[in-house]
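Coordinate inspection notes
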There are 2 protein chains.
Amino acid sequence: MRNNTRNHNIVKEIFENYLENNQLRKTKSRFSILDTIYKLESHFDADELFQLLKKKSEPVSKATIYNTLEVLETCGLIRKHLFTKNHAVYEPSYGFSQHDHLICTGCNKIIEFCDPRIQAIQTTIGKLFNFQIEERSLTLYGTCIDQACKNKHIDNKQNK
Amino acid sequence: MRNNTRNHNIVKEIFENYLENNQLRKTKSRFSILDTIYKLESHFDADELFQLLKKKSEPVSKATIYNTLEVLETCGLIRKHLFTKNHAVYEPSYGFSQHDHLICTGCNKIIEFCDPRIQAIQTTIGKLFNFQIEERSLTLYGTCIDQACKNKHIDNKQNK
DNA sequence: CTGCATGCAAACTCTTTGCACCCGC
DNA sequence: GCGGGTGCAAAGAGTTTGCATGCAG
């Protein structure tokens, strides 16, 4: 359940407050971007966002896309992932429970999962090394059972 | 204890066998690269490797570096990490126990850690989604207590 | 001597930057 | 109107690729 009007409004409010408190301007582009992101069902990258906005006739330049994504990441409304090289993938993060990712190396499908034990590990390691842990990234890679997967359970270490 | 002559020899043998079995040539460059990597104490990137080889008067072009890193990754002798954007970091993987990473967002220090619970999570999630899990990446980000750290326990979500 | 491996430089991709113009405050 | 935000295009970094030459088998 990735979509939800109430969250959408709360998120907009959080963003507005953040912009105000940091002397950043409430521009049309910034809200177009936030809106588009929070209507998405899944992960997205900068270019998809660019294309979507163009299609909606609210075009925004790449420079602004990246600028806004950075602002949104800083205020915690989106999360950035580096699953594959040279290609950042983002996802909305407000109202979605913290989770990690399972990725099929065959078809690149991204599955989200939760396991409370991860939090325990995070706490243990933070204490052990006297670190204040701010973020984690846990990603499992494997092959899925999808019929359409190019790489059905066949061992193939290549295309990751 | 990241260094060890016995491992060094075994690794060389594994690599030779791999090359033979895959009709790949045993070139001087490939062995220079493997040697250099397995003499390193820590993580490295393509450019560091390039510089090291140049300094040792066994220069190898970037193209060959990347080519060989890919071969080594495929045969499981090194592991590739994407801790930060647009910048792959590698580490030798034979003879070093499986571990995960803790990274300081202030000074980029990389610390290795082990926690057996991660393996359990991996197994659970694999069963749950019927995935054959081949690899995982767990990285925790935070701020360290190093005196020299540019970012001593001060909240700073920026430079990741 | 055959053809994979290498070196070089150019191409590529994603992202960032410089600068003139625009618009929120 | 001031100063940050935007769009555009060009620059940048890391990595990949094309092609001629070199060397392993």
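Here the structure is shown first, and the text comes after it.
To keep things clear, this report deals only with the structure shown in the data block. This is a predicted model, so every value here is computed, not measured. (Residues numbered from 1 in each chain as written. Chains lettered and ligands numbered in written order. Predicted model: local features only at pLDDT ≥ 70, side-chain atom pairs only at ≥ 80, totals over all residues. Heavy atoms only, no water.)

Concerning the overall build of chain A
- Looking only at helices and strands, chain A features five helices and five strands.
- In sequence order, the secondary structure elements of chain A are arranged as α-α-α-α-β-β-β-β-α-β.
- Going through the 160 residues of chain A one by one, you find that 42% of them count as buried.
- Restricting to contacts in chain A with at least 6 residues of sequence separation, those with at least 24 account for 51%.
- With the model as given, the accessible surface of chain A reaches about 8700 Å², and the carbon-plus-sulfur share is 49%. (Helix = DSSP H or I, 4+ residues; strand = E, 2+ residues; numbered from the N terminus. Buried < 20%, exposed > 50% of the residue type's maximum accessible area, 1.4 Å probe, protein only. Contact = heavy atoms within 4.5 Å. Areas by Shrake-Rupley, 256 points an atom, 1.4 Å probe, with all protein chains shown as cover.)

Re the protein's contact with DNA strand D
- By nearness alone, 21 residues border DNA strand D, and Arg25, Thr27 and Thr64 of chain A together with Tyr66 and Asn86 of chain B come closest of all.
- Here DNA strand D approaches the protein such that, of its atoms within 4 Å, sugar and phosphate make up 73%.
- Take Thr27 of chain A: an N or O atom from its side chain is 2.7 Å from a phosphate oxygen of DNA strand D.
- Between Lys26 of chain B and DNA strand D, the recorded distance is 3.4 Å, taken from a backbone N or O atom to a phosphate oxygen.
- Among the secondary structure elements, those contributing two or more residues to the surface near DNA strand D are helix H2 (28-39) and helix H4 (62-74) of chain A together with helix H4 (62-74) and strand S2 (87-92) of chain B. (Near = heavy atom within 4 Å. Polar contact = N/O pair within 3.5 Å; in protein donor to acceptor, adjacent residues only side chain to side chain.)

Side note on the relation of the copies chain A and chain B
- Of the two same-sequence chains, chain A is brought onto chain B (RMSD 0.1 Å, axial shift 0.0 Å) by a rotation of 180 degrees. Both copies of the chain, as the preceding transformation shows, are related through a two-fold rotation axis.
- Looking at chain A, 100% of its interface residues are interface residues in chain B too, so the copies touch through the same face. (Least-squares fit on C-alpha atoms with pLDDT ≥ 70 in both.)

A short note on empty space enclosed by the protein
Residues and elements named next belong to chain A.
- By the definition in use, this model includes four cavities of 30 Å³ or more.
- Space inside the largest cavity adds up to approximately 90 Å³.
- Lining the largest cavity, in full, are Arg79, His81, Gln98, His99, Asp100, His101, Arg136, Ser137, Leu138 and Thr139.
- Breaking the lining of the largest cavity down by element, the ones donating at least two residues are strand S1 (78-84), strand S3 (100-104) and strand S5 (132-143).
- Element by element, the count of residues in the lining of the largest cavity is highest for S5, at four residues.
- Within the lining of the largest cavity, the residues separate by chemical class into one nonpolar, six polar and three charged. (1 Å grid on protein atoms, 1.4 Å probe; cavity = no way out; pocket = protein on both sides within 12 Å on 5 of 7 lines; lining within 4 Å. Points joined across faces, edges and corners; volume = space filled by probe spheres on them. Nonpolar A, V, L, I, M, F, W, Y, C, P; charged D, E, K, R; others polar.)

Describing the interface of chain A and chain B
- Contacts between chain A and chain B engage 46 residues on the former and 46 residues on the latter.
- For the pair chain A and chain B, the two sides together bury roughly 4100 Å², of which 61% comes from carbon and sulfur.
- For the chain A face of the interface with chain B, the top three residues by lost area are Ile121, Phe131 and Glu134 of chain A, together amounting to 16%.
- Summed over the shared surface of chain A and chain B, the number is zero salt bridges.
- Joining chain A to chain B, the criterion identifies 10 residue pairs in polar contact (both at pLDDT 80 or more).
- Top contributing element to the side of chain A that touches chain B by residue count: S5 of chain A, with 12 residues.
- When grouped by side-chain class, the residues that make up the side of chain A that touches chain B number 20 nonpolar, 15 polar and 11 charged.
- Here 11 bridges tie S5 of chain A to strand S5 (residues 132-143) of chain B, and the two strands are oriented antiparallel to one another. When the bridges of S5 of chain B are listed, Thr143 of chain A appears paired with Gln132 of chain B. (Buried area = accessible area lost by both parts, 1.4 Å probe. Salt bridge = Lys/Arg side-chain N within 4 Å of Asp/Glu carboxyl O. Pairing = 2+ DSSP bridges.)

A closer look at the packing of helix H1 (residues 5-21) of chain A against H4 of chain A
All names here are of chain A.
- Closest axis-to-axis distance for the H1/H4 pair is 11 Å, and the angle between their directions is 100 degrees. By the angle between their axes, H1 is roughly perpendicular relative to H4. Facing H1, whose interface residues are Phe15, Tyr18 and Leu19, H4 presents Val71, Leu72 and Thr74.
- The class makeup of the residues in the contact of H1 with H4 is five nonpolar, one polar and no charged. (Axes fitted to C-alpha atoms, helices over the stretch in contact; angles between N-to-C directions. Parallel < 35°, antiparallel > 145°, perpendicular 65-115°, else oblique.)

A word on the protein's contact with DNA strand C
- In the vicinity of DNA strand C lie 21 residues, with Tyr66 and Asn86 of chain A together with Arg25, Thr27 and Thr64 of chain B positioned nearest.
- Among atoms of DNA strand C positioned within 4 Å of the protein, sugar and phosphate together represent 73%.
- Between Tyr66 of chain A and DNA strand C, the recorded distance is 2.3 Å, taken from a side-chain N or O atom to a phosphate oxygen.
- A distance of 2.8 Å is found between a phosphate oxygen of DNA strand C and a side-chain nitrogen or oxygen belonging to Thr64 of chain B.
- Listing elements by their share of the surface near DNA strand C, those giving two or more residues are H4 and strand S2 (87-92) of chain A together with helix H2 (28-39) and H4 of chain B.

Remarks on the pattern of salt bridges
Residues and elements named next belong to chain A.
- In the structure shown here, the tally under the stated rule is eight salt bridges over all chains.
- Put simply, Asp100 and Arg136 hold a salt bridge, and the shortest N to O gap is 2.8 Å. Here the residue Asp100 occupies a position in strand S3, and Arg136 occupies one in strand S5, the gap between them amounting to 36 residues. Like Asp100, the residue Arg136 is buried in the burial classification.

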